[in-house]
Amino acid sequence: MKINKAVIPLGGLGTRLLPITKSQPKEMLPIYDRPAIHYAVLEAKKGGIENFLFITGRGKESIENYFDYSFELEERLKKDKKFEYLEKVQEIYNLGKFFYIRQKEPKGLGDAIYLSKDFVNTEPFVVILADDIFIYNEPPIKKLIEIFYKYNGIILGIKKVPFDKVERYGIIKGEKIENNLYKVSDLLEKPKREEAPSNLAIIGRYILMPQIFDVLKNLKPGKNNEIQLTDAIKELIDKVPIFGYEIDDKHFDIGDKLDFILANVYFASMDKEIKKELLNKIEDLIKKEKGVILK
């Protein structure tokens, strides 16, 4: 069965980036000249996804506006003959078909995924967390889909993280069965360092099967009193094959302030028009800061 649906949960409060996320969804924060959510949708589009369900929450209306058609803006760009900008605007709503449902309370990632049940129906589907942005030649989600077609199981995108950061992630225990691919035997949501079975973290890319909804329906709150998707996947270990694919592409977690800044610098440096001046400015800034520190 072809995978052509993606669920993108957007109900998080973005607490690590406060105060800016008090009034601005973290998914709409700019990564150079596009919001973070754009990169998530673009990756899925390149992976063959056509239909997108956004699980939104209070204050997330700007996301729907971003992917909507803007008649006034397009007419003005046409009138001013700014066709280069017009093309960029039209690219946005041509990325796919967009659907929306609201998560009334931030009860956790598992609760958000359960709300997609009617959209997904009985099909396998993609889940993408917009916090995680990858720099790739081949879209990571495309690789996960290929593995799904080969093994017909739940596929988790994973990445090695420092052991002092395992408390931020769902962590897998698994046995490597081929390059970058692990057969998962256990999962723990945000374990303490001494409890972590590995440093292989689930990193915002999933291929899930509809059996997940049967578990989520009756799943009790776990870590942070939330319905945890990791806990639901763990319940399926003896029923559905579960694999972790180690994504070795460069990765930014834009919920982290440093990664947010680095992602902006990286994408800005890819713009040939400003790259040279940008790097010169950064070099000047470093020199000045070194001078201040030495004093």
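Before any of the text, the structure's been laid out above.
Procedures and definitions
Residues numbered from 1 in each chain as written. Predicted model: local features only at pLDDT ≥ 70, side-chain atom pairs only at ≥ 80, totals over all residues. Heavy atoms only, no water. Helix = DSSP H or I, 4+ residues; strand = E, 2+ residues; numbered from the N terminus. Buried < 20%, exposed > 50% of the residue type's maximum accessible area, 1.4 Å probe, protein only. Contact = heavy atoms within 4.5 Å. Phe/Tyr/Trp six-rings, centres within 6.5 Å; stacked < 30°, edge-to-face > 60°. Lys NZ or Arg CZ within 6 Å of the ring centre and 35° of its normal. Polar contact = N/O pair within 3.5 Å; in protein donor to acceptor, adjacent residues only side chain to side chain. Pairing = 2+ DSSP bridges. Axes fitted to C-alpha atoms, helices over the stretch in contact; angles between N-to-C directions. Parallel < 35°, antiparallel > 145°, perpendicular 65-115°, else oblique. Left-handed = near helix turned anticlockwise from the far one by under 90°. Nonpolar A, V, L, I, M, F, W, Y, C, P; charged D, E, K, R; others polar. Arc of directions from axis to C-beta.

Chemist: It is not clear to me how the side chain of Thr-56 should be interpreted in this structure. Could you clarify?
Modeler: Along the chain, Thr-56 turns up in strand S4 (residues 51–56). Thr-56 gets classed as buried once you look at its relative accessible area, which sits at 11%. Those residues in contact with Thr-56 that sit more than four places away from it in its chain are Leu-10, Tyr-100, Ile-101, Arg-102 and Gln-103.

Chemist: What is the right way to look at the packing of aromatic side chains in this model?
Modeler: The relation between two aromatic rings is expressed through the spacing of the ring centres and the mutual angle of the planes. Inspection of the entire model under this criterion finds 15 aromatic pairs. Chaining the aromatic ring pairs together yields one cluster made of Phe-52, Phe-54, Tyr-66, Phe-67, Phe-98 and Tyr-100. Between the NZ or CZ atom of Lys-5 and the centre of the ring of Phe-119, over which it lies, the distance is 5.2 Å. Its guanidinium or amino end placed over the ring of Phe-243, Lys-183 lies 5.8 Å from that ring's centre, counting from NZ or CZ.

Chemist: Mind showing me how you'd approach the side chain of Asn-264 here?
Modeler: Within the secondary structure, Asn-264 is located in helix H10 (residues 257–269). Taking relative accessible area as the criterion, Asn-264 reaches 19% and is therefore assigned buried. A distance of 2.7 Å separates the side chain of Asn-264 from the backbone nitrogen of Tyr-32, its partner in a polar contact. Here Asn-264 is in contact with Pro-30, Ile-31 and Tyr-32, once residues within four sequence places are set aside.

Chemist: For this particular structure, what's the right way to read the pairing of strand S1 (residues 5–9)?
Modeler: Consecutive residues of a regular strand have side chains that alternate between opposite faces of the sheet. The element S1 is extensively covered by neighbouring structure, given that five of its five residues are classed as buried. Here S1 shows no split at all, with Lys-5, Val-7 and Pro-9 on one side and Ala-6 and Ile-8 on the other all buried. Two strands pair when backbone bridges link them, and S1 and S4 are joined in this way by five bridges, in the parallel orientation. Pairing of Ala-6 across the sheet is with Phe-52, part of S4. Pairing of S1 with strand S6 (residues 125–128), which is carried by two bridges, proceeds in the parallel orientation.

Chemist: I keep staring at the packing of helix H3 (residues 71–79) against helix H4 (residues 83–93) and nothing clicks. Help me out?
Modeler: Two quantities define a packed helix pair, namely the angle between the helix axes and the distance between the axes. At their nearest, the axes of H3 and H4 sit 8 Å apart, and the two run at 155° to each other. Between H3 and H4, the angle is such that the two are roughly antiparallel. Here H3 and H4 pass one another in a crossing that is left-handed. Contacts between H3 and H4 involve Leu-73, Glu-74, Leu-77 and Lys-78 from the first element and Phe-83, Tyr-85, Leu-86, Val-89, Gln-90 and Tyr-93 from the second. Of the residues contributing to the contact of H3 with H4, the split by class is seven nonpolar, one polar and two charged.

Chemist: It is not clear to me how helix H8 (residues 211–218) should be interpreted in this structure. Could you clarify?
Modeler: Because an α-helix packs 3.6 residues into every turn, residues spaced three or four apart end up facing the same way. All of the buried residues in H8 are Ile-212, Phe-213, Val-215 and Leu-216. Projected onto a plane normal to the axis of H8, the buried residues spread over an arc of 165° and lie on a single side. Residues Asp-214, Lys-217 and Asn-218 are exposed on H8 and point more than 90 degrees away from its buried face. Along its buried surface, H8 packs onto helix H5 (109–114), helix H6 (117–120), S6 and helix H9 (229–235).

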